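Inside the fold
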Amino acid sequence: MSDPIRNITDFQLDVLREISNIGAGNAATALSKLLNNPVDMKVSRVLPLHFNDIIEYVGGAENIVATVFLRIQGDIAGSMFFVINTEVAKRLIEDMLGTLEADDFSEMGFSVLQEIGNILSGSYLTALSDFTGLDLQPSVPSLAIDMAGALLGDGLMEIGRSGDYAILIDAEISIRKLVQQIIVQNGGGHFFLLPDPDSFEKLFTALGVQNHGSS
Amino acid sequence: MSAKILIVDDAAFMRMMIKDILSKNGFDVVGEAANGEEAVEKYKELSPDLVTMDITMPEKDGIAALKDIKKINPAAKVIMCSAMGQQAMVIDAIQAGAKDFIVKPFQADRVLEAINKALG
């Protein structure tokens with residue numbers, strides 16, 4: 001059986017990068033409306049990574065992060081994560097509520113993050129669905145604050161079932177107001193899209209690039 | 001004579017999509033560029049009637065490229081085409097001289113409407 005990930009061409013990787021730019025760009029727009037602050041976005045990265053290296057890429061298994069996770073179902077399947085450092089998460093909550101968060105997250109603070117996660121993932125997926133014409137149904141996003149290894153492990157299990165490698169599609173956003181203080185050293189927030197390996201072909205077919213070679 | 005268009009986007013796929021829409025509707029796509037730096041070079045070389053310009057790109061972003069192109073030709077017609085549709089970004093682009101702002105993902109009609117309006 002051919003490995004769907006190894007056969008992906010450079011042109012198709014470029015398509016995945018653009019998918020990420022469009023999804024994250026729309027999500028950044030939604031976030032900027034919510035926060036009333038400009039939100040910047042970097043050019044997306046598309047990385048074929050070994051299963052074990054994905055958590056390392058996100059900052060190491062023991063790094064404490066806030067993560068909104070959802071599964072995508074419908075015409076294609078995959079996992080989506082929005083990952084932010086806890087310090088950045090606290091800043092976001094303070095911006096929204098106007099009150100300082102204590103060391104532990106308050107119930108209201110948790111709810112703010114949950115809602116931010118809903119809005120971001122919703123706008124990302126809506127854009128992706130409009131772009132591809134595919135029906136994409138998100139599961140209810142779940143928010144957790146824990147070590148990256150614990151949080152990402154669950155979502156990565158699906159991928160681990162069908163191969164050792166996954167394609168990680170990463171878009172980084174940062175809120176301009178926070179730049180001087182926190183975002184720079186903590187790397188801002190990341191959208192990670194991890195299509196299940198058998199979804200790539202459907203995705204490329206939907207966009208009419210299933211037969212595009214790299215040379 | 002059909003209008004000469006320069007397409008600027010870092011994604012080859014997006015360039016292909018826009019080119020397809022434009023070619024089918026009688027426009028002449030004279031060139032493509034994959035970043036802002038290249039866009040400015042190609043603009044000088046080709047003197048297109050209109051440029052479609054992505055914003056988030058490596059090397060030089062689309063807003064910086066728009067400003068450079070406007071320095072070369074203050075009458076240059078540039079339409080921004082980006083997934084970053086937030087107000088501050090749109091205002092930035094329009095103030096720098098962009099004719100219109102298309103948010104990705106887009107419909108072919110929206111692209112044609114913007115181009116026809118800008119050229120009209």
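Summarised in this report is the structure supplied together with it. (Residues numbered from 1 in each chain as written. Chains lettered and ligands numbered in written order. Predicted model: local features only at pLDDT ≥ 70, side-chain atom pairs only at ≥ 80, totals over all residues. Heavy atoms only, no water.)

Section: the overall build of chain B
What chain B contains, in helices and strands, is 5 helices and 5 strands. When the helices and strands of chain B are read in sequence order from the N terminus, they spell out β-α-β-α-β-α-β-α-β-α. For 120 residues, the compact-globule formula gives about 14 Å, and the C-alpha radius of gyration of chain B, at 13 Å, lands near that figure. The dimensions of chain B, computed from C-alpha atoms along their principal axes, are 30 × 30 × 30 Å. Within chain B, the proportion of its 120 residues that are buried is 53%. Side chains of chain B carry 15 positive and 18 negative charges; the gap between the two charge centres is 4 Å. (Helix = DSSP H or I, 4+ residues; strand = E, 2+ residues; numbered from the N terminus. Rg over C-alpha atoms; globule rule 2.2 N^0.38 Å. Buried < 20%, exposed > 50% of the residue type's maximum accessible area, 1.4 Å probe, protein only. Lys, Arg positive; Asp, Glu negative; His and termini not counted. Charge placed at Lys NZ, Arg CZ, Asp CG, Glu CD.)

Structural notes on empty space enclosed by the protein
Enumeration over the complete set of coordinates arrives at 4 cavities of 30 Å³ or more. In terms of lining residues, the largest cavity is bounded by I72(A), I76(A), A77(A), G78(A), L128(A), L193(A), P195(A) and L203(A). (1 Å grid on protein atoms, 1.4 Å probe; cavity = no way out; pocket = protein on both sides within 12 Å on 5 of 7 lines; lining within 4 Å. Points joined across faces, edges and corners; volume = space filled by probe spheres on them.)

Some points on the environment of V51(B)
Residues and elements named next belong to chain B. Looking at the secondary structure, you find V51 in strand β3 (residues 50–53). On the basis of relative accessibility, which here comes to 0%, the residue V51 falls in the buried class. Taking C-alpha positions, V51 is 9.7 Å from I69, a pair spaced 18 residues apart along the chain. Every residue in contact with V51, bar those within four places of it in the chain, is listed here: L6, V8, Y43, K77, V78 and I79. (Contact = heavy atoms within 4.5 Å.)

What about the packing of helix α2 (residues 36–46) of chain B against helix α3 (residues 62–72) of chain B?
Residue and element names in this part refer to chain B. Between α2 and α3, the least distance of the axes is 9 Å, while the angle of their chain directions is 20 degrees. Our classification of the angle between α2 and α3 gives roughly parallel. In the packing of α2 onto α3, the handedness of the crossing is right-handed. Contact with α2, carried on its side by G36, A39, V40, Y43 and K44, involves A65, D68, I69 and I72 of α3 and no other residues of that element. (Axes fitted to C-alpha atoms, helices over the stretch in contact; angles between N-to-C directions. Parallel < 35°, antiparallel > 145°, perpendicular 65-115°, else oblique. Left-handed = near helix turned anticlockwise from the far one by under 90°.)

Comments concerning the nonpolar core
Ranked by internal contacts, the top residues of the largest apolar core, which has 97 residues, are L16(A), F191(A), L22(B), M53(B) and M80(B). Of the residues forming this core, the biggest block, 11 residues, is contributed by helix α1 (residues 10–35) of chain A. With near-sequence residues (within four places) excluded, L22(B) lies in contact with I5(B), I7(B), F27(B), V29(B), V111(B), L112(B) and I115(B). Formed by 16 residues, the second largest nonpolar core is a distinct cluster that contains L49(A), V83(A), L168(A) and F192(A). (Core = buried A, V, L, I, M, F, W, Y, C linked by side-chain atoms within 4.5 Å.)

Topic: the pattern of salt bridges
Evaluated as defined, the whole model comprises 17 salt bridges over all chains. A salt bridge links D14(A) to R17(A); the shortest N-O distance between them is 3.2 Å. Taken together, the positions of D14(A) and R17(A), both in helix α1 and 3 residues apart, correspond to about one turn of that helix. Judged by relative accessible area, which is 9%, D14(A) ranks as buried. Here the salt bridges share partners, and the residues they tie into one network are E18(A), D9(B), D54(B) and K104(B). (Salt bridge = Lys/Arg side-chain N within 4 Å of Asp/Glu carboxyl O.)

A look at the sheet that holds strand β1 (residues 4–8) of chain B
Residues and elements named next belong to chain B. The strand order across the open sheet formed by 5 strands is β2-β1-β3-β4-β5, and the pairing between neighbours is parallel. This sheet does not close on itself; its edge strands, each paired only once, are β2 (28–33) and β5 (100–103). Neighbour-to-neighbour, the strand axes of the sheet open up by a mean angle of 20 degrees, direction not taken into account. In this sheet, strand β4 (residues 78–82) lies alongside β3 in parallel orientation, the contact comprising 3 bridges. Opposite M53, over in β4, you have M80 as the bridge partner. Those strands touched by helix α1 (residues 12–24) are β1, β2, β3 and β4, and its axis lies near 170 degrees from that of β2. (Pairing = 2+ DSSP bridges.)

With respect to the packing of helix α3 (residues 86–97) of chain A against helix α4 (residues 107–132) of chain A
Residues and elements named next belong to chain A. Interhelical geometry of α3 versus α4 gives an angle of 100 degrees and a closest axis separation of 9 Å. In terms of orientation, α3 and α4 fall into the roughly perpendicular class. On α4, the residues touching A89, L92, I93, M96 and L97 of α3 are M108, G109, V112, L113 and I116. Taken together, the residues of the contact of α3 with α4 break down into 9 nonpolar, 1 polar and no charged. (Nonpolar A, V, L, I, M, F, W, Y, C, P; charged D, E, K, R; others polar.)

With respect to the packing of aromatic side chains
All names here are of chain A. All chains considered together, the criterion is met by 5 aromatic pairs over all chains. When the ring of F82 is compared with that of F191, the centres are 4.8 Å apart and the planes differ by 40 degrees; the resulting orientation is tilted. Placement of F82 in strand β4 (residues 78–85) and of F191 in strand β8 (residues 189–195) is noted, with a sequence separation of 109 residues between them. The pair formed by F82 and F191 is uniform in burial state, with each residue classed as buried. The interplanar angle of 35 degrees and the centroid separation of 5.4 Å between the aromatic rings of Y124 and F191 together place this pair among those described as tilted. (Phe/Tyr/Trp six-rings, centres within 6.5 Å; stacked < 30°, edge-to-face > 60°.)

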